[in-house]
Amino acid sequence: MKKIVLVMSMLLLFVCGAFAQTEVTSEEARFAIDLSTFGGIVGLISSAVTQIFKTFPAIDGSKIAKIGISVGVGIIVCMLAWVLKISEPLAGLIWWQTLIYGVAAGLSGCGFYDLVKVVWELFKPKEDVIHLD
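These remarks concern the structure in this document. (Residues numbered from 1 in each chain as written. Predicted model: local features only at pLDDT ≥ 70, side-chain atom pairs only at ≥ 80, totals over all residues. Heavy atoms only, no water.)

Next up on the list: the packing of helix α3 (residues 63-83) against helix α4 (residues 95-110). The contact between α3 and α4 brings their axes to 7 Å, and the two run at 135 degrees. Accordingly, the angle class assigned to the pair α3 and α4 is oblique. The hand of the α3/α4 crossing is right-handed. Every residue of α4 that contacts α3 at Ile67, Ser70, Val71, Gly74, Ile75, Cys78, Met79 and Trp82 is listed here: Trp95, Thr98, Leu99, Tyr101, Gly102, Val103, Ala105, Gly106, Leu107, Gly109 and Cys110. Taken together, the residues of the contact of α3 with α4 break down into 13 nonpolar, six polar and no charged. (Axes fitted to C-alpha atoms, helices over the stretch in contact; angles between N-to-C directions. Helix = DSSP H or I, 4+ residues; strand = E, 2+ residues; numbered from the N terminus. Parallel < 35°, antiparallel > 145°, perpendicular 65-115°, else oblique. Left-handed = near helix turned anticlockwise from the far one by under 90°. Contact = heavy atoms within 4.5 Å. Nonpolar A, V, L, I, M, F, W, Y, C, P; charged D, E, K, R; others polar.)

This is the structure:
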């Protein structure tokens, strides 16, 4: 049975390799970032924040710092997209509306659940632990 599985996986591997593209042109190798939707902006913010966290592992301990960095990156990305006029949803906005859009996109990038969880832990009453000796 192990030989059959090995032969089938090898056949699958070689068939996929035979149909693989051997030549990549410059037009097809582009990396496209879609900033024409809120989801595209949130995706860019999320990937940028992930790379920042990989660069600075000391941030990993503080949840509030993660949320702050995510909101800051969201504001920077949206303001740059607004100034450069490369994002359709931001085209007709005023600067302060773009700022609010950046905060919302940053909060979405870090996850609203994480935000609610951190805020809940700040205001949650501490429970007394009863030790039975």
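Right, let's get into the packing of aromatic side chains. In total, this model carries one aromatic pair according to the counting rule given. The residue whose ring lies beneath Lys66 is Phe53, and the NZ or CZ to ring-centre distance is 5.7 Å. (Phe/Tyr/Trp six-rings, centres within 6.5 Å; stacked < 30°, edge-to-face > 60°. Lys NZ or Arg CZ within 6 Å of the ring centre and 35° of its normal.)

Right, let's talk about the nonpolar core for a bit. Burial of nonpolar side chains together is a common tendency in soluble globular proteins. Listed in full, the 11 residues of the largest apolar core are Leu35, Ile41, Val42, Ile45, Val49, Val73, Val77, Cys78, Ala81, Leu90 and Ala105. Mapped onto this core, the elements with two or more residues apiece are α2 (38-55) and α3. Ignoring sequence-local partners within four residues, the contact set of Leu90 consists of Ile41, Cys78, Ala81, Trp82, Thr98 and Tyr101. Formed by five residues, the second largest nonpolar core is a distinct cluster that contains Ile67, Leu107, Cys110 and Val118. (Core = buried A, V, L, I, M, F, W, Y, C linked by side-chain atoms within 4.5 Å. Buried < 20%, exposed > 50% of the residue type's maximum accessible area, 1.4 Å probe, protein only.)

Structurally, Val118 can be placed in helix α5 (residues 112-123). On the accessibility criterion, Val118 (9% relative accessible area) is buried. Considered as a pair, Val118 and Lys63 are 55 residues apart in the sequence and their alpha carbons are 7.1 Å apart. In this structure, Val118 is in contact with Lys63, Ile64 and Ile67, ignoring residues within four places of it in sequence.

Here the focus is α3. Its 21 residues give α3 an end-to-end C-alpha distance of 30 Å, which sits within 8% of 30 Å, the value for a rise of 1.5 Å per residue. Three or more residues of α3 are buried, namely Ile67, Ser70, Val71, Val73, Gly74, Val77, Cys78 and Ala81. Along α3, the residues classed as buried sweep out an arc of 165 degrees about the axis, all on the same side. Across α3 from its buried face, at more than 90 degrees, point the exposed residues Ile64, Ile76 and Val83. In the stretch just after α3, Lys85 is the one whose phi turns positive, near 55 degrees. (Expected span 1.5 Å × (residues − 1). Arc of directions from axis to C-beta.)

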